[in-house]
Amino acid sequence: RATGWVTSGCAEPDIVPALDALHENSKKWAGSYLTDTLFVLLGGTSELCPLRPLLNVGANVACVARQSPKLRDAAETASKSNGGTLFIPVAQLDLEAGSDSTEDAEEGGDSTEDA
C-alpha cells in the first residue's frame, strides 16, 4: 500500500523503506515494555488505525469506535493476538431492567451522542 501512496503523491518516498524496516523488526523493537503501556485509539477501527499491529506485538489497546462489524472484527483479532489486550467501551447497563452482566451491554459508542 505504501508504494501506492507514494505513486499517487499522498506520501513521501522514504516512507516505504521506513515501513519495511518497521515491519521486519517490529517484534525485536517492540520488546516487552508494551505490556505496561495502554494505547488509546480514537476511531480505533479506521482503515489506517494501528490496532492490529499493536495487538500483534502484545500491546494493551483501548479502542474507541462506533458500534459496527469492524469493532466485532477487532475483538476477534484481539482474541487471536500474541498477548495483546483489547479494551472496548460498552453502553451503560440498565441495572433496574435486570441487566447485571456485561454480556448484555452493546460494545462501542458514539462519543458525540453518548458522552
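Worth saying up front: this structure is predicted, and the values here are computed from it rather than measured.

Asker: When you look at the overall build of the protein chain in this model, what are you seeing that I'm missing?
Answerer: For the protein chain, the helix and strand inventory stands at four helices and three strands. Taken from N to C terminus, the helices and strands of the protein chain fall in the order α-α-β-α-β-α-β. In the protein chain, which comprises 115 residues, the proportion classed as buried is 27%. A sequence separation of at least 24 residues applies to 41% of the contacts in the protein chain between residues at least 6 apart. Surface accessibility of the protein chain: about 8100 Å² in total, with carbon and sulfur atoms responsible for 53%.

Asker: Can you help me understand the side chain of N60 in this one?
Answerer: Here N60 is to be found in strand β2 (residues 60–64). Those residues in contact with N60 that sit more than four places away from it in its chain are L34, T35, D36, T37, L38, F39, T85 and F87.

Asker: Explanation requested: the sheet that holds strand β3 (residues 85–87) in the structure shown.
Answerer: Strands in a sheet are paired, the pairing made by backbone hydrogen bonds, and the direction either parallel or antiparallel. Reading across the sheet, the three strands line up as β1-β2-β3 and stay open at both edges, with parallel pairing between neighbours. Both outer strands of the open sheet, β1 (38–42) and β3, are each paired with one neighbouring strand and no more. Between one strand and the next, the sheet's axes are offset by a mean angle of 25 degrees, whatever the strand orientation. Both β1 and β2 contribute to a ladder of five bridges, which runs parallel. Within β2, the position partnered with L38 by the bridge is N60.

Asker: I'm lost on the side chain of N25 in this one. Help?
Answerer: Position of N25 among the secondary structure elements: in helix α2 (residues 15–30). Note on N25: relative accessible area 18%, which makes it buried. A polar contact of 2.9 Å, which involves the side chain of N25, links it to the backbone oxygen of A21.

About the criteria used
- Residues numbered from 1 in each chain as written.
- Predicted model: local features only at pLDDT ≥ 70, side-chain atom pairs only at ≥ 80, totals over all residues.
- Heavy atoms only, no water.
- Helix = DSSP H or I, 4+ residues; strand = E, 2+ residues; numbered from the N terminus.
- Buried < 20%, exposed > 50% of the residue type's maximum accessible area, 1.4 Å probe, protein only.
- Contact = heavy atoms within 4.5 Å.
- Areas by Shrake-Rupley, 256 points an atom, 1.4 Å probe, with all protein chains shown as cover.
- Pairing = 2+ DSSP bridges.
- Axes fitted to C-alpha atoms, helices over the stretch in contact; angles between N-to-C directions.
- Polar contact = N/O pair within 3.5 Å; in protein donor to acceptor, adjacent residues only side chain to side chain.

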